Amino acid sequence: MNPGAEAVTNLDLFSPISLGELTLPNRVIMAPLTRNRAAVPDNVPRAMSATYYAQRASAGLIIAEATQVSPEGVGYPATPGIHSDAQVLGWRTVNDAVHAQGGRIFLQLWYCGRISHPDLLPDNQQPVSASAIRAEGDAVTPEGLKPFVEPRALRADEIPGIVNQYRQAAKFSMDAGFDGVEIHSANGYLLDQFVRDGTNRRDDRYGGSLENRSRLLMEVLSAVLETWEPSRVGVRISPENSFNDIRDSDPQATFNFIATALSGKGLGYLHVVEGDMMSDERNVDYRQIRDNFDGYYMANCSYDKARAESAIARSDADMVSFGQLLLANPDLVERFRMDAELNTPDPDTFYGGDGKGYTDYPALA
Ligand code: PHB
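Residues numbered from 1 in each chain as written. Predicted model: local features only at pLDDT ≥ 70, side-chain atom pairs only at ≥ 80, totals over all residues. Heavy atoms only, no water.

(A) Region of the structure containing the pattern of salt bridges. Using the criterion set out here, one finds 19 salt bridges in the structure. Across the pair Glu-136 and Arg-134 runs a salt bridge, and its minimum N-O distance is 3.5 Å. Residue Glu-136 is classed as exposed on the basis of its relative accessible area, which comes to 55%. Judged by its relative accessible area of 34%, Arg-134 falls in the partly exposed class. A salt bridge links Arg-152 to Glu-158, with the nearest nitrogen and oxygen atoms 2.9 Å apart. In this structure, a network of salt bridges that share partners links the residues Arg-152, Arg-155, Asp-157 and Glu-158. (Salt bridge = Lys/Arg side-chain N within 4 Å of Asp/Glu carboxyl O. Buried < 20%, exposed > 50% of the residue type's maximum accessible area, 1.4 Å probe, protein only.)

In structure tokens form, the structure reads like this:
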């Protein structure tokens, strides 16, 4: 526990915060949100995504939706990628629009692993994971829901190729004009499949000890840091989220270790999904994770303004990310400032479709 942990600071959601030379004007962050509106089959962001993100440029930082680093990393239809020239151009249009509105935007780098399906992958290949353990549940394929298949355990000699896909995606992200990147190591996707012991039964240097289970994440981080200043790199984790049928026998120990391992590098932030999207139970002390990490802590999971204000005042968090609230309120920062009423999100238009429920949520008059 920090000696000052109980003290109340005079910081609030509207206090600026700096990631190296990038100053965020406030601490209301847009969480990465999958919206399935990329052009198919090439997974290129469409022009309406530039409008959508630019409308939300007053957020302290936008973390753009999870974006696959390679064709093999895909796990859902119509999600964008960052591995082709056309995708770089598509994202550049988005980023130019956000910057023209005075905003800041990071890209979330994603590889789905076993949360995919042969129907979504090149040559209908089998999805890969840390170990050959099938997820309970269904993949979202272009033909609708289909049961997940058993993934193939990556061979150790294939792992440098995966790391290289992130290395290339980090470079493409810079070419596309992003301000930084977030490594997606949460929510049951590939990096999380290596970290958590429910999905990692390996007996090589990528399995067993906490050091081994976090090795792929650390190798990916090193590759990304070849392109980006550490302050422009965040990492997202979700210690007790069971979404995508994933679990760990000791999430507190696992993620205290990860928070420590990510320290001493000058990273921009650690982004933590606090809790379980599938239940209200909470068994992890997030203050320990916060205290084990030496940089900024970004909290996420159903925060409203009051909880976010209190987390920042008590120094339980440095920033708070909002998903559905920013989805439905492009001017959420202004609405929070004025304690104005909020638009209600429409779940029917979260995933896929056109501008309805995407670019047509009204700002305050
Ligand atoms: C989703 O598409 O449902 C999704 C994507 C990324 C996440 C969580 C959920 O981190």
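(B) Representation of the environment of Asp-138 within the structure. Mapped onto the elements of the fold, Asp-138 is located in strand S7 (residues 138-141). Distance from Asp-138 to Asp-157, taken between C-alpha atoms, is 29 Å for residues 19 residues apart in sequence. Ignoring anything within four residues of it in the chain, the contact list for Asp-138 reads Leu-145, Lys-146, Pro-147 and Phe-148. (Helix = DSSP H or I, 4+ residues; strand = E, 2+ residues; numbered from the N terminus. Contact = heavy atoms within 4.5 Å.)

(C) Up close: helix H1 (residues 47-55). Every buried residue of H1 is accounted for by Met-48, Ser-49, Ala-50, Tyr-52, Tyr-53 and Ala-54. Buried residues belonging to H1 abut strand S3 (28-30), strand S4 (61-68), helix H2 (85-100) and strand S5 (105-110).

(D) Quick peek at the packing of H1 against H2. At a closest axis distance of 8 Å, the pairing of H1 and H2 adopts a crossing angle of 30°. Here H2 runs roughly parallel to H1, going by the angle between their axes. Judged by the sense of rotation from one axis to the other, the crossing of H1 with H2 is right-handed. Judged by residue contacts, Ser-49, Ala-50, Tyr-53 and Ala-54 of H1 engage Trp-91, Thr-93, Val-94, Ala-97 and Val-98 from H2. (Axes fitted to C-alpha atoms, helices over the stretch in contact; angles between N-to-C directions. Parallel < 35°, antiparallel > 145°, perpendicular 65-115°, else oblique. Left-handed = near helix turned anticlockwise from the far one by under 90°.)

(E) Broad picture of empty space enclosed by the protein. Within this structure, the stated rule accounts for one cavity of 30 Å³ or more. The volume enclosed by the largest cavity comes to roughly 40 Å³. Taken together, Arg-35, Arg-37, Ala-38, Pro-45, Ser-49, Glu-65, Pro-80, Trp-91 and Tyr-358 make up the full set of residues lining the largest cavity. Of the residues belonging to the lining of the largest cavity, the class tally is five nonpolar, one polar and three charged. (1 Å grid on protein atoms, 1.4 Å probe; cavity = no way out; pocket = protein on both sides within 12 Å on 5 of 7 lines; lining within 4 Å. Points joined across faces, edges and corners; volume = space filled by probe spheres on them. Nonpolar A, V, L, I, M, F, W, Y, C, P; charged D, E, K, R; others polar.)

(F) Looking closely at the sheet that holds strand S10 (residues 180-184). Spatially, eight strands are ordered S3-S4-S5-S10-S11-S12-S13-S14 in a closed barrel, and the strand pairing comes out parallel. Recorded for the sheet is a direction-independent mean angle of 25° between the axes of neighbouring strands. The pairing of strand S11 (residues 233-237) with strand S12 (residues 269-273) spans four bridges and is parallel. From the neighbouring strand, Ile-237 faces S12, where its bridge partner is Val-272. (Pairing = 2+ DSSP bridges.)

(G) A look at the site of the ligand. Around the ligand, a shell composed of Thr-34, Tyr-76, Trp-110, His-184, Asn-187, Tyr-189 and Phe-243 is seen. For the ligand, an oxygen atom lies 2.7 Å from a polar atom in the side chain of His-184. Taking 280 Å² as the accessible area of the ligand by itself, protein coverage stands at 84%. For the shell around the ligand, a count of residues per class yields four nonpolar, three polar and no charged. (Near = heavy atom within 4 Å. Polar contact = N/O pair within 3.5 Å; in protein donor to acceptor, adjacent residues only side chain to side chain. Areas by Shrake-Rupley, 256 points an atom, 1.4 Å probe, with all protein chains shown as cover.)

(H) Highlighting the layout of surface pockets. Taken as a whole, the largest pocket holds about 980 Å³ of empty space. Lining the largest pocket are 36 residues, with Pro-32, Leu-33, Met-277, Gln-324 and Tyr-351 positioned closest to its centre. At the level of elements, S5, strand S14 (319-322) and helix H10 (324-328) are the ones that each hand at least two residues to the lining of the largest pocket. Of all the elements, H10 adds the most residues to the lining of the largest pocket, at three residues. Here the residues of the lining of the largest pocket sort into 18 nonpolar, 12 polar and six charged. Considering only enclosed or pocket space, the second largest pocket measures out at about 160 Å³ in volume. In terms of lining residues, the second largest pocket is bounded by Val-40, Pro-41, Asn-43, Pro-71, Val-74, Tyr-76, Pro-77, Ala-78, Asp-119, Leu-120, Pro-122 and Pro-142.

(I) Structural view of the nonpolar core. Ranked by size, the top nonpolar core spans 83 residues in total, and within it Tyr-53, Ile-289 and Phe-322 carry the most contacts. Sequence-distant contacts of Phe-322, that is, excluding residues within four places in its chain, are made with Val-28, Ile-29, Met-30, Ala-31, Tyr-303, Asp-304, Ala-308, Leu-332 and Phe-336. Judged by nonpolar contacts, the second largest core, of 11 residues, contains Leu-19, Leu-24, Ile-63 and Tyr-269. (Core = buried A, V, L, I, M, F, W, Y, C linked by side-chain atoms within 4.5 Å.)

(J) Representation of the side chain of Ser-231. With respect to the helices, strands and loops of the structure, Ser-231 is situated in the loop between helix H6 (215-224) and S11. Take Ser-231: its relative accessible area is 15%, and that puts it in the buried class. Apart from the residues lying within four places of it in its own chain, the contact partners of Ser-231 are Leu-19, Gly-20, Phe-106, Gly-266, Leu-267 and Gly-268.

(K) Inspection of helix H9 (residues 305-313) at higher detail. Lys-305, Ala-308, Glu-309, Ala-311, Ile-312 and Ala-313 are the residues of H9 that are buried. Among the structural elements, S14 and helix H11 (332-338) are those in contact with the buried residues of H9. The N-capping residue of H9, defined by a side-chain oxygen 3.3 Å from the backbone nitrogen of Ala-306, is Asp-304. At the exit of H9 stands Ser-315, carrying a positive phi of roughly 65°.

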